[in-house]
Structures are given as structure tokens and as C-alpha cells.
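Chains, contacts and geometry: an overview
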Amino acid sequence: MKAVLAIAALSAGCGEQPAEPAQIAQGAQLYAQHCASCHGAKLEGQPNWRIRLPNGRLPAPPHDESGHTWHHPDRVLFGITKYGLVPPYAPPGHQSDMPAFGGKLSDAEIRRVLAYIESHWTSKDVLAARAEMTRNIKER
Ligand code: HEC
């Protein structure tokens, strides 16, 4: 029941209906096509993702609960995926291998990929943290 409430709170944050299973399934296909090569077929990320590569860039982090993707509110995840790691999502001049998908995926497709990723966040702590984040944003 708690989890259901948390999910309701989450989706209320962006004023949208919770993602339908069909949308999540489409998100899974888009993820496999556009994200899995770097973020891993199982959302596991690249090995040693916290350690910079020889070129100074960061490897792709996991999108499962072991990463920090879930620490970001929905609109930040949307912005990073659409525009890449540019300001305000990263410091000016940040060099990153994360592509901007704005020209490749529609806004609806980006939302579906993110809904697929978010469907992997199921533990009580993560859901509670995200529900609180959504509340804080609304109160601002
Ligand atoms: C060419 C490799 C590559 C592909 C393909 C890719 N990413 Fe990334 N992504 C990265 C890297 C590398 C980072 C970390 C970059 C950094 O911090 O500079 C990243 C970071 C991110 C972050 C920020 C995570 C955080 O915790 O801050 C999000 C969100 C993200 N990617 C989503 C996506 C989505 C969604 C897709 C598919 C539509 C995708 N990425 C495809 C390489 C990739």
C-alpha cells in the first residue's frame, strides 16, 4: 500500500497519469536501442563507473538503484536525456559522453524511456526518497 501511495505521489508531481504498461514496454524497446550500449542491458552501467576514464570523462552510470539516477527529479532526468549534460545539468564546459537525444527521440519517447528506467526503482527507501523530492519541488 505504501508503495502504491508513493507511486501516486510521484506521478502527481508531473501532473501526468502513471505510465501504462504499454508505454513502459515501448520504453524498454527504446532503452535497448538507444541507451543499453552504454548504460547496460540490465541498467547496470559501465564497470568502475565512479572512476574517470583516461580522457578525463566519466563512464556511464547504472540506472538501477545502485546508481544515482534516481536521486534526480523527473524534470532533471528529462532535461539530461533531451539536452545532454550541459548547464544547468552540469557545470559549463563539462566534457561528457552522454549524447543529447533531443534530435533523435520525441519528448513522449524520452518520457517512455524514463518510465521504463523508473519502473526498476521499487525499494521502499528509493520510492520514499523520490516521493519526498517531488513534495519538496511542489512546495518551492
Ligand atoms: C554513448 C554512451 C551513452 C548513451 C548511448 C547514453 N548515455 Fe546516458 N550517460 C552516458 C555517460 C558517460 C553518462 C555520465 C556522463 C557524465 O557524468 O559526464 C551518462 C549519464 C546519464 C544520465 C545522468 C545520470 C546521473 O545519475 O546523473 C542520465 C539520466 C542518462 N545518462 C540517461 C540516458 C538515457 C535515457 C539514454 C538513452 C536514451 C542514454 N543515457 C544513453 C553515456 C551514454
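For the structure, see preceding data.
Here, residues in each chain are numbered from 1, in the same order as that chain's written sequence. Local features in this predicted model are restricted to residues of pLDDT 70 or higher, and side-chain atom pairs are both shown and tallied only at a pLDDT of 80 or more, whereas totals for entire chains, interfaces and linings draw on every residue.

1. Regarding the packing of helix α2 (residues 21–34) against helix α5 (residues 107–118)
- Fitted lines through C-alpha atoms serve as axes, helices being fitted only where they are in contact, and the angles separating the N-to-C directions of these axes extend from 0 to 180 degrees. By definition, any uninterrupted DSSP run of H or I lasting at least four residues is a helix, any uninterrupted run of E lasting at least two residues is a strand, and each is numbered from the N terminus. Between α2 and α5, the least distance of the axes is 7 Å, while the angle of their chain directions is 95°. Here α2 lies roughly perpendicular to α5, going by the angle between them. Contact residues: Gln-23, Ile-24, Gln-26, Gly-27, Ala-28, Leu-30 and Tyr-31 in α2; Glu-109, Arg-112, Val-113, Ala-115, Tyr-116 and Ile-117 in α5.
- Gly counts as polar in this scheme, as do all residues outside two lists: the nonpolar Ala, Val, Leu, Ile, Met, Phe, Trp, Tyr, Cys and Pro, and the charged Asp, Glu, Lys and Arg. Class assignment for the residues of the contact of α2 with α5 results in eight nonpolar, three polar and two charged. The cut-offs work like this: below 35 degrees is roughly parallel, past 145 is roughly antiparallel, 65 to 115 is roughly perpendicular, and the gaps in between are oblique. A pair of residues counts as a contact when their C-beta atoms, built from backbone coordinates, are separated by no more than 7 Å.

2. Some thoughts on the site of the ligand
- Each residue gets a C-beta atom placed from its backbone. Should that atom fall within 6 Å of a molecule or strand, the residue is termed near it. Near the ligand, the surroundings consist of 22 residues, among which Cys-35, Cys-38, Ala-60, Ser-96 and Met-98 are the closest.
- Those elements that provide at least two residues to the shell around the ligand are α3 (36–39) and α4 (74–83).
- Per-class residue counts for the shell around the ligand are 13 nonpolar, eight polar and one charged.

3. Side note on the environment of Val-76
- You can see Val-76 is positioned in helix α4.
- On the neighbour-count criterion, Val-76 (15 C-beta atoms within 10 Å) is partly exposed.
- Each C-alpha atom, one on Val-76 and one on Pro-88, is 9.2 Å from the other, the two residues being twelve residues apart in sequence. Exposed residues have 12 or fewer other C-beta atoms within 10 Å of their own C-beta, buried residues have 20 or more, and partly exposed residues fall in between, where C-beta atoms are placed from the backbone.

4. With respect to α5
- Relative to the 16 Å expected for twelve residues at 1.5 Å per residue, α5 spans 16 Å between its end C-alpha atoms, a close match to the ideal helical length.
- Within α5, nine of the twelve residues are buried, which leaves the element mostly enclosed by the surrounding structure.
- The elements touched by buried residues of α5 are α2 and α4. A helix is expected to reach a length of 1.5 Å times the quantity of its residues less one.

5. Quick look at the nonpolar core
- For this analysis, nonpolar core means a set of buried Ala, Val, Leu, Ile, Met, Phe, Trp, Tyr and Cys residues linked through C-beta atoms within 7 Å. Formed by Ala-19, Tyr-31, Cys-35, Leu-43, Leu-77, Ile-80, Ile-110, Val-113, Leu-114, Ala-115, Tyr-116 and Ile-117, the largest nonpolar core amounts to twelve residues.
- Taken together, the elements giving at least two residues each to this core come down to α4 and α5.
- Looking at which element gives the most residues to this core, the answer is α5, with six residues.
- Contact partners of Tyr-116, with chain neighbours within four places excluded, come to Ile-24, Gly-27, Ala-28 and Tyr-31.

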